[in-house]
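Coordinate inspection notes
So the chains spell out like this:
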Amino acid sequence: EFRRVLFRSPEADLRTADLLSRAWASYGNACRIAGDLTEAQQALDRAAEVFDQGSGDLEDRARLYELQASLEAARGNYDLALAAVDAAYTLHLQRGDRHKVGRALIAKGLYTGYLGRSREAFRLTQNGLDMVDEAREPELVLAAVHNQLWFLVESGRLREARSLFGAHRDRLATGEAQRLDLLWLEGRIRAGLRAVERALLDLEAAEQGFTAAGRRSQAANVKLEQAAIHLRLGDAARALSLVRAAEEDFIQIAAPQSTLMGLAFLRRTLAQRAIPAPFVLRMADLVRRGLRESARR
């Protein structure tokens, strides 16, 4: 009986609740990664309920907000994701954890980028990079730099993108998957700087590599990038062929309905009359953001 009283002490109950909350949170995150967003939300809700019975550790609370932000982003609710990551940011500030404050800013930059606010996203990400300890999470720094490159491209700051790309090329190319992503990115930069022949070679090589690696959604998106270049070169027929091929690829991989509707509109408009290349690139950016979030799940 004495042992039972010790085990049931308030301190032990608090520790048990903390552990259970962390377990539910980890399970919820695993569900999100697996694509079961309903189960993920139920698990995070349970984690929050159990957390209220525990010690109230600020780091655990911040983690719950961060996981909720990731889940909202997976649903496409980027405003809600920003609200959740802001809450985590505030808690990390209270704790005085400079690294995790920076990590929250990098996440905020990512969600801001999903909303199309690329210049603000770049600034937030840079602020985060200035605070994080690369030795603690080197992969976080590489991901943030990669995000910055796309933010620069999307906001038309192509010379800055080329400079940043050159400074980090070697450290970003950590494997075949990363090499293909960088080839895609460099092709886009070159296209924007009017080095169209080199850009087409890069993009065609990236498309072939993505196809060989089974990354069909990325290969399809690169076709849209190529279509924009052919439009600039005055070859509307080739551009239309590439858009049709990309649309078919996305249909086969069951892309979101919003993506398919946008591509159908793009194809019909292009078939009826000439449209500006930036319009095609805008569609490519929207599709790519969806791909980037899918890759994080």
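Source: prediction; values computed, not measured.

**Observations regarding the overall build of the protein chain**
- When its secondary structure is counted, the protein chain shows 15 helices and 0 strands.
- When its C-alpha atoms are laid out on the principal axes, the protein chain stretches across 85 × 40 × 30 Å.
- Looking at the protein chain as a whole, 50% of its 297 residues are labelled buried.
- Within the protein chain, contacts between residues separated by at least 24 positions form 59% of all contacts whose residues are at least 6 apart in sequence.
- Counting only carbon and sulfur atoms, one obtains 52% of the accessible surface of the protein chain, whose full area is about 14700 Å².
- Counting 44 positive and 40 negative side-chain charges, the protein chain places the centres of these two groups 4 Å from one another.

**Observations regarding the nonpolar core**
- Counting 35 residues, the largest nonpolar core has Leu 129, Val 153, Trp 184, Leu 185, Phe 210 and Ile 229 as its most contacted members.
- Elements with a minimum of two residues in this core: helix 7 (118–129), helix 8 (138–154), helix 9 (158–172), helix 10 (176–192), helix 11 (196–212) and helix 12 (216–232).
- Tallying contributions element by element places helix 8 first for this core, with 9 residues.
- With sequence-adjacent residues up to four places away left out, Val 153 is seen in contact with Leu 158, Ala 161, Leu 185, Arg 188 and Ile 189.
- Judged by nonpolar contacts, the second largest core, of 23 residues, contains Ala 228, Leu 266, Leu 281 and Ala 284.

**Section: helix 14 (residues 257–272)**
- Here helix 14 contains 16 residues, and its C-alpha end-to-end distance of 23 Å stays within 8% of the 22 Å for a straight helix at 1.5 Å per residue.
- Along helix 14, the positions that sit buried rather than exposed are Thr 259, Leu 260, Gly 262, Leu 263, Ala 264, Leu 266, Thr 269 and Leu 270.

**Topic: the packing of helix 6 (residues 98–114) against helix 7**
- Two elements in contact, helix 6 and helix 7, have axes whose closest approach is 7 Å; the angle formed by their N-to-C orientations is 165 degrees. Accordingly, the angle class assigned to the pair helix 6 and helix 7 is roughly antiparallel. Viewed along their axes, helix 6 and helix 7 form a crossing whose handedness is left-handed. When helix 6 is examined against helix 7, the residues Gly 102, Leu 105, Ile 106, Lys 108, Gly 109, Thr 112 and Gly 113 are found in contact with a partner set consisting of Glu 120, Ala 121, Leu 124, Thr 125, Asn 127, Gly 128 and Leu 129.
- Partitioning the contact of helix 6 with helix 7 into residue classes produces 5 nonpolar, 7 polar and 2 charged.

**Some points on the packing of aromatic side chains**
- For the coordinates displayed, the defined rule picks out 6 aromatic pairs.
- Aromatic pair Tyr 78 and Tyr 114: ring centres 4.9 Å apart, planes at 40 degrees, arrangement tilted. A residue pair is termed long-range when its members are at least 10 positions apart, and Tyr 78 in helix 5 (residues 78–95) and Tyr 114 in helix 6 qualify at 36 residues.
- The class for Tyr 78 is buried, based on a relative accessible area of 15%.
- Overall, the relative accessible area of 6% leaves Tyr 114 in the buried class.
- When the centroid spacing of 5.4 Å and the interplanar angle of 70 degrees are considered together, the rings of Trp 150 and Trp 184 count as edge-to-face. Linking Trp 150 in helix 8 with Trp 184 in helix 10, this pair joins segments that are 34 residues apart in sequence.

**Focus on the confidence of the model for the protein chain**
- Scored by pLDDT, the protein chain has a mean of 90; 93% of the residues are at 70 or more.
- Contacts of residues 1–7 to residues separated by more than four positions or lying in other chains number 3 contacts, the stretch itself having pLDDT below 50.
- Segment residues 293–297: pLDDT under 50, and 13 contacts once partners within four positions in sequence are set aside and those in other chains are kept.

**So, the environment of Val 287**
- Within the element layout of this structure, Val 287 appears in helix 15 (residues 277–296).
- Spatially, the C-alpha atom of Val 287 lies 9.7 Å from that of Pro 256, the residues being 31 residues apart in sequence.
- Each residue touching Val 287, except ones within four places of it in the same chain, is listed here: Asn 221, Leu 224, Phe 250 and Thr 259.

**A short note on helix 3 (residues 37–51)**
- Helix length check: helix 3 (15 residues) gives 21 Å between terminal C-alpha atoms against 21 Å at 1.5 Å per residue, within 8%.
- Along helix 3, the residues classified as buried are Ala 40, Gln 41, Ala 43, Leu 44, Ala 47, Val 50 and Phe 51.

**Concerning a nonpolar patch on the surface**
- Together, Leu 20, Trp 24 and Tyr 27 line one region of the surface with nonpolar side chains, adding up to about 280 Å² of accessible area.
- Looking at the secondary structure, you find Tyr 27 in helix 2 (residues 10–34).
- For Tyr 27, a relative accessible area of 38% translates into the label partly exposed.

Rules behind the numbers
Residues numbered from 1 in each chain as written. Predicted model: local features only at pLDDT ≥ 70, side-chain atom pairs only at ≥ 80, totals over all residues. Heavy atoms only, no water. Helix = DSSP H or I, 4+ residues; strand = E, 2+ residues; numbered from the N terminus. Buried < 20%, exposed > 50% of the residue type's maximum accessible area, 1.4 Å probe, protein only. Contact = heavy atoms within 4.5 Å. Areas by Shrake-Rupley, 256 points an atom, 1.4 Å probe, with all protein chains shown as cover. Lys, Arg positive; Asp, Glu negative; His and termini not counted. Charge placed at Lys NZ, Arg CZ, Asp CG, Glu CD. Core = buried A, V, L, I, M, F, W, Y, C linked by side-chain atoms within 4.5 Å. Expected span 1.5 Å × (residues − 1). Axes fitted to C-alpha atoms, helices over the stretch in contact; angles between N-to-C directions. Parallel < 35°, antiparallel > 145°, perpendicular 65-115°, else oblique. Left-handed = near helix turned anticlockwise from the far one by under 90°. Nonpolar A, V, L, I, M, F, W, Y, C, P; charged D, E, K, R; others polar. Phe/Tyr/Trp six-rings, centres within 6.5 Å; stacked < 30°, edge-to-face > 60°. pLDDT = per-residue confidence, 0-100. Patch = residues over 30% accessible without salt bridge, like charges linked within 9 Å, V, L, I, M, F, W, Y side chains within 5 Å. Salt bridge = Lys/Arg side-chain N within 4 Å of Asp/Glu carboxyl O.

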